[in-house]
Amino acid sequence: MRIFTASLATETNTFSPMYTDLVSFYQSFYAPPGQHPVTPTLCSAPLVACREYAQQHSAVEVIEGTCAWAEPGGLLNRLSYEHLRDEILMQLEAAMPVQLVVLGLHGAMVAQGYDDCEGDFLSRIRAIVGPQAVIGATLDPHSHLTDLRLASADLLIAFKEFPHLDFMARARELVYLAVAAARGDIKPVMSCFDCRMIDVLPTSHEPMKSFIEKICQLEQDHQALSISVIHGFMAGDVPDMGSKLLVITNNDAKQGEALARQLGLELFSYRGQTLPQFYDIATALDQAEQLQGTLVLADVWDNPGGGVAGDGTLILHQMIKRQLQQVAVGTIWDPMAVKLCFAAGEGAEIELRFGGKSCATAGAPIDKTVRVLRLKADAQQEFADSLVPMGDCALISFDGIEVILNSNRCQSFDPSLFRALGIEPSHYKLLLIKSTNHFYQGFAPLASHIIYVDAGAPYPSDPTRNVYKKLSRPVWPIVASPFD
Ligand SMILES: [Zn+2]
């Protein structure tokens, strides 16, 4: 059995000014055939799972294609998308005949002229491999699910957890089911229910925690081969934006449709109740001044993982105004400031303008006399089994505050981002990080308290105020009763 595997993924915030191109992929993650590292990344885990499977089963041969991932950003340049897509399609053509195609996708990639990149990609793959071959892919739950994808693929499996710590488990499951389908042991049938809602659905908190546990139990009880909750991605203005419930049965469409509808309506009943308490900046800082221990303040809407810059300064300006001490900020994206710090050198004291340069809403730049404490080329942080590149980084200090400036946009996944610059996060009173929920698993053990701060910008976090031009269906909360 010959398996072709590849990955092409990014998450597109169509409201973001951080346009995405080929360089964005090369800077974030790009591995041509045979050059993928041993460690998986969020979206390229299927390739690593294929390698594992082939090591254990000598009858399977894996042909590796390119894996490419760009940090979430704005609309993807058309030529860049077509270039990467065609690179992989040509590799697939050269690899034929194959019985199986296993892909790592994200599901919220939007390019100029392509509202449904993954649908386009999957349908072209189907055209090459023919109707008999099995096509499977992992998806990020923050994706859009379209009819074209459902028609083109046999198996689509989304990460169950948010934070997405289960990406390797889902990739292994995909390979296992895809091989079983290629052998004819199972006949996967996908059934989808449109929940007509959009919300943020962390599974580290109730009610989503129990909902996901219930879904895992249903799988264990063989009610379905696989069940995926597509959360949707509110920052993508495309016709299919919104939550969907996807059930894969062993050739039982009737059971699949009934289960997808039942679970989809249960998810709909949780709308508006899934987020932990968010506080405005003043309330959050008032609380922080009262509390003891190491506090984690999450700047939830300046999260590069949602496609914005991650150079916002709204919260830091208020911290400076209040003269807060023992503060560490990880991170603020500013490649220009990093370059200046590298030029000045470790130990230098310089006048520096940093942050607040990418858009009008995320706060003004900060001008300070800073000391360059540490410089680190190609710094990395950890996230589950993967390593996330932060690029060249500078640790600067002023007024009792230390800030890590990074040159590769990335969200704050894990405390290792501070250790990468030689500082121990638990020695600080306040850690200001940029992440909506992916930080939770990593930071919770060292945090005496976690405070979610809603600075109001720059992510388009209120669907009722976002100007959707392409959304084609009634979706809560834009429409109060979307099933009427
Ligand atoms: Zn996601």
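In this text the structure is predicted, and so the values were computed from the model without any measurement.

### What to know about the sheet that holds strand β9 (residues 244-250)
One open sheet accounts for 3 strands, arranged β7-β9-β8; its pairing is antiparallel. In this open sheet, the two edge strands, each paired with only one partner strand, are β7 (188-194) and β8 (226-230). Direction aside, the axes of adjacent strands within the sheet are offset by 15° on average. Two strands pair when backbone bridges link them, and β7 and β9 are joined in this way by 7 bridges, in the antiparallel orientation. When the sheet's bridge partners are listed, methionine 190 is paired in β9 with isoleucine 248. Helix α8 (residues 253-269) rests against β7, β8 and β9 of the sheet, and its axis sits at about 30° to β7.

### Re the coordination of the zinc ion
Looking at the zinc ion, the protein donor atoms are Asp140 (OD), Asp140 (OD), His142 (ND1) and His164 (NE2), and they sit 2.1 to 2.6 Å from it. With 4 donor atoms in place around the zinc ion and angles of 53 to 146° between them, the coordination shape is irregular.

### Focus on the pairing of strand β16 (residues 401-406)
Burial analysis of β16 places 6 of its 6 residues in the buried class, the great majority of the element. Bridge count for strand β12 (residues 327-333) against β16 is 6 bridges, and the pairing is parallel. Each residue of the ladder has a partner; that of tryptophan 333, found in β16, is asparagine 406. Sheet analysis places strand β15 (residues 386-398) next to β16, joined by 6 bridges and oriented antiparallel. Along β16, the bridge assignment pairs alanine 394 with leucine 405. Counting the residues in the hairpin turn of β15 and β16 gives 2 residues, including aspartate 399, whose phi is positive at 50°.

### A closer look at the sheet that holds strand β17 (residues 430-433)
On the basis of which strands lie adjacent, the open sheet formed by 9 strands has the order β10-β18-β11-β17-β12-β16-β15-β14-β13 and mixed pairing. The sheet is open, and its two borders are formed by β10 (278-279) and β13 (349-354), each paired with just one other strand. Of the pairings in the sheet, the one linking strand β11 (residues 295-299) to strand β18 (residues 449-453) comprises 5 bridges and is parallel in character. Bridge assignment links leucine 297 to a residue of β18, and that residue is isoleucine 451.

### Quick look at unusual backbone geometry
Phenylalanine 162 connects to proline 163 through a cis peptide bond whose omega is 15°. Along the chain, proline 163 falls in the loop between β6 (155-158) and α6 (167-183). Residue proline 207 is bonded to the preceding glutamate 206 through a cis peptide linkage, with omega at 5°. For proline 207, the location among the structural elements is in the loop between β7 and α7 (208-220). Unusually for a residue other than glycine, asparagine 251 sits at a positive phi of about 55°. Residue position: asparagine 251 is located in the loop between β9 and α8. Unlike most non-glycine residues, glutamine 323 shows phi in positive territory, near 55°.

### What to know about the pairing of strand β14 (residues 366-383)
Relative to β14, β13 runs antiparallel, the two sharing 6 bridges. Each bridged residue has a counterpart across the sheet, and for phenylalanine 354 the counterpart in β14 is isoleucine 366. Pairing between β14 and β15: 10 bridges, direction antiparallel. What sits directly across from arginine 374, in β15, is leucine 395. The loop that links β14 with its antiparallel partner β15 comprises 2 residues; one of these, alanine 384, has a positive phi angle of about 50°.

### Here we look at α7
With 13 residues, α7 should reach 18 Å at 1.5 Å per residue; the first-to-last C-alpha distance of 18 Å fits that figure. If you check which residues of α7 are buried, you get Met208, Phe211, Ile212, Ile215, Leu218 and Glu219. Down the axis of α7, the smallest arc covering the buried residues is 115°, so these residues share one side. Here the buried face of α7 lies against β8, β9 and α8. In the stretch just after α7, histidine 222 is the one whose phi turns positive, near 60°.

### Observations concerning the side chain of histidine 438
On the secondary structure map, histidine 438 appears in the loop between β17 and α13 (440-443). Classification of histidine 438 as buried rests on a relative accessible area of 9%. Polar side-chain contacts of histidine 438 include one of 3.4 Å to the backbone nitrogen of histidine 164. A polar contact is formed between the side chain of histidine 438 and the side chain of glutamine 411, at a distance of 3.1 Å.

### A word on helix α4 (residues 117-129)
Taking 1.5 Å of rise per residue, 13 residues should cover 18 Å, and α4 covers 18 Å from first to last C-alpha, within 8% of that figure. When α4 is considered as a whole, its buried residues turn out to be Cys117, Glu118, Gly119, Asp120, Phe121, Leu122, Ile125, Arg126 and Val129. For α4, the secondary structure elements touched by its buried residues are β1 (2-9), α3 (78-95), β4 (100-104), β5 (134-139), α5 (147-152) and β6. Glycine 130 occupies a position one or two residues after α4 and carries a positive phi of about 85°.

The rules behind these values
Every chain is numbered on its own, with residues counted from 1 as its sequence reads. Restriction of local features to residues with pLDDT of at least 70 applies here, the model being predicted, together with a cutoff of 80 or more for giving and counting side-chain atom pairs; totals for whole chains, interfaces and linings are based on all residues. Excluded from the side-chain calculation are hydrogens and water; included are all heavy atoms of the structure. If DSSP finds at least two bridges between two strands, the strands pair. Only DSSP runs of H or I covering at least 4 residues are called helices, and only runs of E covering at least 2 are called strands; the numbering of each starts at the N terminus. Axis lines are fitted through C-alpha atoms, for helices just across the contact stretch, and the angle between N-to-C directions can take any value from 0 to 180 degrees. We call two residues in contact whenever any of their non-hydrogen atoms come within 4.5 Å of each other. The donor definition counts N, O and S atoms within 2.8 Å of each metal and applies 3.2 Å to Na, K and Ca; water is not among these atoms, so some sites may look incomplete. Each label reflects the angles at the metal, where four donors whose angles all fall between 85 and 135 degrees are tetrahedral, four or six donors whose opposite pairs open beyond 155 degrees and whose other angles stay between 65 and 115 are square planar or octahedral respectively, and the rest are irregular. Buried residues are those whose accessible area, probed at 1.4 Å on protein chains only, stays under 20% of the maximum for their type, while exposed residues exceed 50% and partly exposed ones sit between those limits. What a helix is expected to span follows from its residue count: subtract one and scale by 1.5 Å. The directions from the helix axis to the C-beta atoms form the arc being described. Two N or O atoms count as a polar contact when they lie within 3.5 Å, although within protein this holds only if one can serve as hydrogen donor and the other as acceptor, and sequence-adjacent residues are included solely when both atoms are side-chain atoms.

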